[in-house]
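Residue-level structure breakdown
The lines below spell out each chain.
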Amino acid sequence: MGKTYDRIDGRLRSFIENQKVFFVATAPLGADGHVNVSPKGLAGSLAVLDEQTVAYLDFGGSGAETVAHLRENGRITLMWCAFDGPPTIVRVHGRGEAVFRDDPRWPELVRHFPQQDGAPGQRAIVVVSARRISDSCGYAVPLLDYREERALHTDYFGRKTDEEFAAYCERKDHVGTSLDGLPALPLPLPSLPA
């Protein structure tokens, strides 16, 4: 039987921090807009900041739907499910904000991701303030074995200078503007703080 929680602490926090992958869901306000669900999971790219706040590093890719939706309406849900151990699903429904590289809060926030210090392709930090925290059974979620991290993303963006990464972002059709025409990542991409 599912429960709701007032805070992310203890067992709930440990569960979140120990999962290898999580999912992010957002949607635009328009009824005909594209709902977006993205898998995340690069090791060390998620942090529980406090009992009500979770953040993750947003890395370069071919789109920026989550950022666009957050800029428009702030609605976001994060979901973790156990692929091993006790069958559990945890959701954090909340308000999210994309903190960009030129934001004065960036240096303080990025310190929460020491494993990703200097990792290539960082373009934003998504900060989520929880409005509803809940769990439910994961009886239908299959048991899967974790093998290892994929190095493809890090290798690919690691071969680019920050200027080349910014140019990559500008070339992608749905990085500066979402599928539905909403403003997404600010372009030109702000430089990383020194």
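Once a new chain begins, its residue numbering starts again from 1 and follows that chain's sequence as written. Given that this is a predicted model, residues contribute local features only at a pLDDT of at least 70 and side-chain atom pairs are listed and counted only at 80 or more, while totals for whole chains, interfaces and linings are drawn from all residues. The basis for every side-chain value is the complete set of heavy atoms in the structure, and neither hydrogens nor water enter the calculation.

Focus on the nonpolar core
In this structure, Ile8, Ile16, Tyr56, Ile76, Leu78, Trp80 and Val92 are the most contacted members of the largest nonpolar core, which totals 20 residues. Secondary structure elements are taken from DSSP: a helix is a run of H or I of four residues or more, a strand is a run of E of two residues or more, and numbering for both begins at the N terminus. Listing elements by their share of this core, those giving two or more residues are helix 1 (10-18), strand 2 (22-26), strand 5 (53-59), strand 6 (75-81), strand 7 (88-100) and strand 8 (122-137). Sort the elements by how many residues they give to this core and strand 8 lands first, with four residues. Judged by nonpolar contacts, the second largest core, of 16 residues, contains Phe100, Ala166, Tyr168 and Val175. Throughout this description, the term nonpolar core refers to a set of buried Ala, Val, Leu, Ile, Met, Phe, Trp, Tyr and Cys residues connected via side-chain atoms within 4.5 Å. Residue exposure (1.4 Å probe, protein chains only): buried if accessible area is under 20% of the type maximum, exposed if over 50%, otherwise partly exposed.

A look at the side chain of serine 134
Positionally, serine 134 belongs in strand 8. Nitrogen and oxygen atoms within 3.5 Å of one another constitute a polar contact, given that in protein one can donate a hydrogen and the other can accept it, and given that sequence-neighbouring residues count only through two side-chain atoms. Engagement of the side chain of serine 134 in a polar contact is seen with the side chain of arginine 132, the distance being 3.2 Å.

Here we look at helix 1
Here helix 1 has its buried residues at Leu12, Phe15 and Ile16. For helix 1, the arc enclosing every buried residue in end-on projection is 95°, short of the 170-degree limit, so these residues lie on one face. Any pair of residues with heavy atoms lying within 4.5 Å of one another is described as a contacting pair. If you follow the buried residues of helix 1, they end up packed against strand 1 (3-5), strand 4 (46-50), strand 6, strand 7 and strand 8. The directions from the helix axis to the C-beta atoms are what the arc is built from.

Section: helix 5 (residues 162-171)
Given 3.6 residues per turn, any residue in an α-helix points the same way as the ones three and four places further on. Residues Phe165, Ala166, Tyr168 and Cys169 constitute the buried set of helix 5. Seen along its axis, helix 5 keeps its buried residues to an arc of 155°; they face one direction. Exposed residues pointing more than 90 degrees away from the buried face of helix 5 are listed as Glu163 and Arg171. Packed against the buried residues of helix 5 are strand 8 and helix 4 (152-158).

So, the pairing of strand 4
The pairing criterion is simple: DSSP has to find at least two bridges between the two strands. Pairing geometry for strand 4 and strand 5, over four bridges, is antiparallel. Bridge pairing in strand 5 links valine 48 to valine 54. Between strand 4 and strand 5, which pair antiparallel one after the other, the connecting turn spans two residues.

Details of the environment of asparagine 36
Within the element layout of this structure, asparagine 36 appears in strand 3 (residues 36-40). The spatial distance from the C-alpha of asparagine 36 to the C-alpha of leucine 78 is 12 Å, given a sequence separation of 42 residues. Residues in contact with asparagine 36, not counting those within four places in the same chain, are Val24, Ala25, Thr26, Glu65, Thr66 and His69. A distance of 3.0 Å separates a polar atom in the side chain of asparagine 36 from a polar atom in the side chain of serine 38.

What about the pattern of salt bridges?
Only one rule defines a salt bridge in this text: a Lys or Arg side-chain nitrogen within 4 Å of an Asp or Glu carboxyl oxygen. Tallied over the entire structure, the rule returns eight salt bridges. Between arginine 7 and glutamate 51 there is a salt bridge, and its shortest N-O distance comes to 3.4 Å. Taken together, the positions of arginine 7 in the loop between strand 1 and helix 1 and glutamate 51 in the loop between strand 4 and strand 5 put the pair 44 residues apart, joining distant regions of the chain. Residue glutamate 51 is classed as partly exposed on the basis of its relative accessible area of 38%.

Section: the side chain of asparagine 36
Note on asparagine 36: relative accessible area 15%, which makes it buried. Only 3.4 Å separates the side chain of asparagine 36 from the side chain of threonine 66, close enough to count as a polar contact.

Functional significance is not addressed by these values, which are geometric in nature.
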